[in-house]
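Topology and contacts: notes
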Amino acid sequence: MDILKKEKKLLKLEEELRELDDDKKIESIKSKIEDYKYGMMQDLSAWDRVLLARHSKRPTSRDVINALIDDFIELHGDRNFADDKAIIGGIGKFRDRAVTVIAQQKGKTTEENIEHNFAMPHPEGYRKALRLMKQAEKFDRPIITFIDTPGAFPGIGAEARGQGEAIARNLFEMSALEVPIISVVIGEGGSGGALAIGVANDVYMLENSIYSILSPEGYASILWKDATKAKKAAEVMKLTSYDLEEFGVIDGIIKEPIGGAHHNPQKTYQAIEESLQKALEKYYNFSNYEIKTARYTKFRKIGFFQRFNYDNLKGVVK
Amino acid sequence: MKRDVLENAFNRQKAFKRKSTNYRKKPLSTEKVPDVPKGLYEKCNSCGERFIAKDMIENKFVCPSCDNHFRLRAIDRLNITVDPHSFLEKGLGFITLDPLFIDGYEQKIAQYKSQTSLDEAYIYGYAQIEGIPLVVGVMDSHFMMGSMGSVVGEKVTKSIEYALVKRLPLVMFVASGGARMQEGIFSLMQMAKTSGALKKLHDQGLLFVSVLTHPTTGGVTASFASLGDIVIAEPKALIGFAGPRVIKQTIKQDLPEGFQRAEFLQEKGMVDKVVHRHKLKDTLHTILQLHQDRGV
């Protein structure tokens, strides 16, 4: 039974609770719900976390921005081609400090999703993000990015306008920006489309978010030529926050309330706020040079391989 | 156990040197994409014309009748591009590991290693073109579609750093299917690593020429391949971020003729120049010469 089915059962229990008026029964059902909720979140499989990360009620970037950023002014367009609604960006205040915020925006309903292209950005979206980041560097503002995308959009227009180049340029420029960049993966972090706004000094993940090279479906279809094996793919891909923390690819996990972020959004926002505040404080005393070096060194180190020196072999092997 | 690993790798290295002379005789791919034909007589897999294999080498692996550019092994690429005996390989001794414990990945790597006599899908080193020194990196699409895992990412970064330290121009021949799925998130992070290293090269005012050959897709297009100061493409090479099959599935339309081919990208302004393989060495030489004047 996956997490969505368990959640349905939970909703049924909650409905039962609303219809009751007997005090004693209410007490017992309430404790039953708490127990069930707690039990539900034990031993989550990787696939459960994928489902939670894609949950239709999960807070989107816009929700997080509304909760955390005061006086948010959205800025549009890449000054070249168009404004991509899959990426939203702007300036605002985070705990009385001016920051630039860039985020990938999913919708909660189908119409919203179509408007935001299911958070799959086109090249102009990445170029807008880069423009805003350069602007932030000019005015010495920290950058906060929220990652929530299945991946960059694969389409004729996107290819013709250089999707690959746009992502590459972002990675290139972000590696040497002289202001701190903090990224939080709040839902799905899919492939280069996520990394293109995720080359950050600190990368955090919400507990039940995922970050991977490709969607589990795509992974299964490439490796086993069968997209229906997504569940199996999710297990082998090591895409959960706990796996990635173990690998040292991310810098920390932001705990979610019991039941997932959508069960108590306020608590989620609070947790994100605390992590962001801590991270920004850490980089407050860094010089510009130290900030960019720290980021570069961090990514320079990532890799899983062995190497030895042939010169040392001369005595060992004839 | 460690000693075994070292010995194995050392033997592989010896085998590589031994095999590199008759390296081309072992065809690997049975796909439809252009490949180096085997045997004495072979036919072009694009136009079906038959020809003598020896002529092919003289013709720089281009079909004499239909101009089809075959996929090259790394060593053939070096042979037709850099001065004879000038190539000095660097960055040896990397061992690919299996971070996600994927079934069959280690066997696959071992198989490709013996088939291609390469340690990984990328080799780099010092070389000269018409006497001009440079750092040259070549990806071999016969090694697991030239996909970028931790080792390829590290070697690409090392080659950039080598160019940086020696203050030499860097020319990279790209042929890759993208990031290596079997290494998961590590492959993804190589994109950031290689791009970051290129930024350092850029800040030092050094030249980076990226030559895109068939095929260049996925995570490699979205990182170092697109970041050349000058981006050259070979005719009819497939270059793009998402593969044509994925795009077709997503938009549920037929793709236009010539979509994602080198000529299409030049028309859209995404590559500087499409250069025929016969003229590639001269073009590179001219570019290197033009950048030599300012003391690079």
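Residues numbered from 1 in each chain as written. Chains lettered and ligands numbered in written order. Predicted model: local features only at pLDDT ≥ 70, side-chain atom pairs only at ≥ 80, totals over all residues.

Let us now look at the overall build of chain A. Check the secondary structure of chain A and you find 14 helices and nine strands. The globule rule puts the C-alpha radius of gyration for 318 residues at 20 Å, and the 22 Å found for chain A is close to it. Across the 318 residues of chain A, 47% fall into the buried class. Relative to all contacts within chain A whose residues are 6 or more apart in sequence, the contacts with residues 24 or more apart total 71%. (Helix = DSSP H or I, 4+ residues; strand = E, 2+ residues; numbered from the N terminus. Rg over C-alpha atoms; globule rule 2.2 N^0.38 Å. Buried ≥ 20, exposed ≤ 12 C-beta atoms within 10 Å, placed from the backbone. Contact = placed C-beta atoms within 7 Å.)

Moving on, we come to the overall build of chain B. Counting its regular elements, chain B contains 10 helices and 10 strands. The buried share of chain B, taken over its 296 residues, is 47%.

Counting 151 residues, the largest nonpolar core has A:L171, B:L134, B:L170, B:V174, B:L212 and B:A233 as the members making the most contacts within it. Per element, the largest residue contribution to this core is eight residues, and it comes from helix α6 (residues 184-203) of chain B. Discounting residues that sit within four places of it in the chain, B:L170 has contacts with B:L134, B:V135, B:S159, B:I160, B:A163, B:L201, B:L206, B:L207 and B:F208. (Core = buried A, V, L, I, M, F, W, Y, C linked by C-beta atoms within 7 Å.)

Next up on the list: the interface of chain B and chain A. Chain B puts 52 residues into the contact, and the matching count from chain A is 48 residues. Among the secondary structure elements, those contributing two or more residues to the side of chain B that touches chain A are α1 (2-19), β4 (94-96), α5 (150-166), α6, α7 (218-221) and α8 (244-251) of chain B. At 14 residues, the largest contribution of residues to the side of chain B that touches chain A is made by α6(B). For the side of chain B that touches chain A, the per-class residue count stands at 29 nonpolar, 16 polar and seven charged. Pairing of strand β9 (residues 305-307) of chain A with β4(B), which is carried by three bridges, proceeds in the antiparallel orientation. Within β4(B), the residue paired with A:F305 across the bridge is B:T96. (Nonpolar A, V, L, I, M, F, W, Y, C, P; charged D, E, K, R; others polar. Pairing = 2+ DSSP bridges.)

Once that is clear, we can look at the sheet that holds strand β7 (residues 170-176) of chain B. Residues and elements named next belong to chain B. Read from one edge of the open sheet, seven strands run β3-β5-β6-β7-β8-β9-β10, paired in mixed fashion. The sheet is open, and its two edges are formed by β3 (88-90) and β10 (273-274), each paired on a single side. Pairing of β3 with strand β5 (residues 122-129), which is carried by three bridges, proceeds in the antiparallel orientation. Residue pairing across strands places L88 opposite Y126, the latter belonging to β5. In the packing of helix α3 (residues 74-81) onto the sheet, the strands contacted are β5, β6 (132-139) and β7, and the crossing angle to β6 comes to about 155°. In the packing of helix α10 (residues 277-292) onto the sheet, contacts are made with β5, β6, β7, β8 (208-216) and β9 (230-233), and the angle to β6 comes to roughly 130°. (Axes fitted to C-alpha atoms, helices over the stretch in contact; angles between N-to-C directions.)

Before going further, it helps to spend a moment on the domain arrangement of chain A. Interface size is often expressed as the accessible area that is lost when the parts come together. Residues and elements named next belong to chain A. Domain boundaries assigned for chain A yield domain 1 (3-43) and domain 2 (48-301). Of note, the centres of domain 1 and domain 2, computed from C-alpha atoms alone, are 33 Å apart. Domain 1 puts five residues into the contact, and the matching count from domain 2 is five residues. Secondary structure elements with two or more residues in the side of domain 1 that touches domain 2: α1 (3-19) and α2 (23-40). (Domains from an automatic or database assignment.)

What follows covers unusual backbone geometry. All names here are of chain B. The omega torsion of the bond from H214 to P215 falls at -10°, within 30 degrees of zero and hence cis. Relative to the helices and strands, P215 resides in strand β8. Unusually for a residue other than glycine, F61 sits at a positive phi of about 60°. By the element assignment, F61 lies in the loop between α2 (53-58) and α3.

Turning our eyes to something else, we now look at helix α8 (residues 163-174) of chain A. Taking 1.5 Å of rise per residue, 12 residues should cover 16 Å, and α8(A) covers 17 Å from first to last C-alpha, within 8% of that figure. In terms of burial, α8(A) is largely enclosed, as 11 of its 12 residues are buried. Listing the buried residues of α8(A) in full gives A:Q163, A:G164, A:E165, A:A166, A:I167, A:A168, A:R169, A:N170, A:L171, A:F172 and A:M174. Considering only its buried residues, α8(A) is in contact with α6 (123-138), α7 (156-160), β5 (181-190) and α9 (191-195) of chain A together with α6 and α7 of chain B. (Expected span 1.5 Å × (residues − 1).)

Our focus in this paragraph is the packing of α1(A) against α2(A). Residues and elements named next belong to chain A. Contact geometry of α1 with α2 gives a least axis separation of 10 Å together with a crossing angle of 170°. By the angle between their axes, α1 is roughly antiparallel relative to α2. Of α2, the residues touching α1 (which contributes I3, K6, L10, L13, E14, E16 and L17) are I26, I29, K30, K32, I33, Y36, K37 and M40. Each residue belonging to the contact of α1 with α2 can be placed in one class, and the counts come to nine nonpolar, no polar and six charged. (Parallel < 35°, antiparallel > 145°, perpendicular 65-115°, else oblique.)

Here we come to the environment of B:G258. Residue and element names in this part refer to chain B. Take G258: it is sitting in the loop between α8 and α9 (262-267). Looking at G258, the number of C-beta atoms within 10 Å reads 11, which means it is exposed. For the pair G258 and K236, spaced 22 residues apart in sequence, the C-alpha separation works out to 8.1 Å. Dropping the residues within four chain positions of it, G258 is found in contact with E263 and F264.

All right, on to the packing of α5(B) against α6(B) then. All names here are of chain B. One way to put it is that α5 packs onto α6 with a least axis distance of 9 Å and a crossing angle of 5°. Classified by the interaxial angle, the pair formed by α5 and α6 is roughly parallel. Taken together, the residues of α6 that come into contact with α5 (itself represented by S150, G153, V156, T157, I160, E161, A163 and L164) are F186, Q190, K193, T194, A197, L198, K200 and L201. In terms of residue class, the contact of α5 with α6 is made up of eight nonpolar, five polar and three charged.

Our focus in this paragraph is the confidence of the model for chain B. Put simply, chain B has an average pLDDT of 86, and 90% of its residues get 70 or more. As a predicted assembly, this complex carries a pTM of 0.88 together with an ipTM value of 0.91. (pLDDT = per-residue confidence, 0-100.)

Residues and elements named next belong to chain B. Within the secondary structure, H291 is located in helix α10. Assessed through the 18 C-beta atoms surrounding it within 10 Å, H291 is described here as partly exposed. Spatially, the C-alpha atom of H291 lies 7.5 Å from that of L207, the residues being 84 residues apart in sequence.

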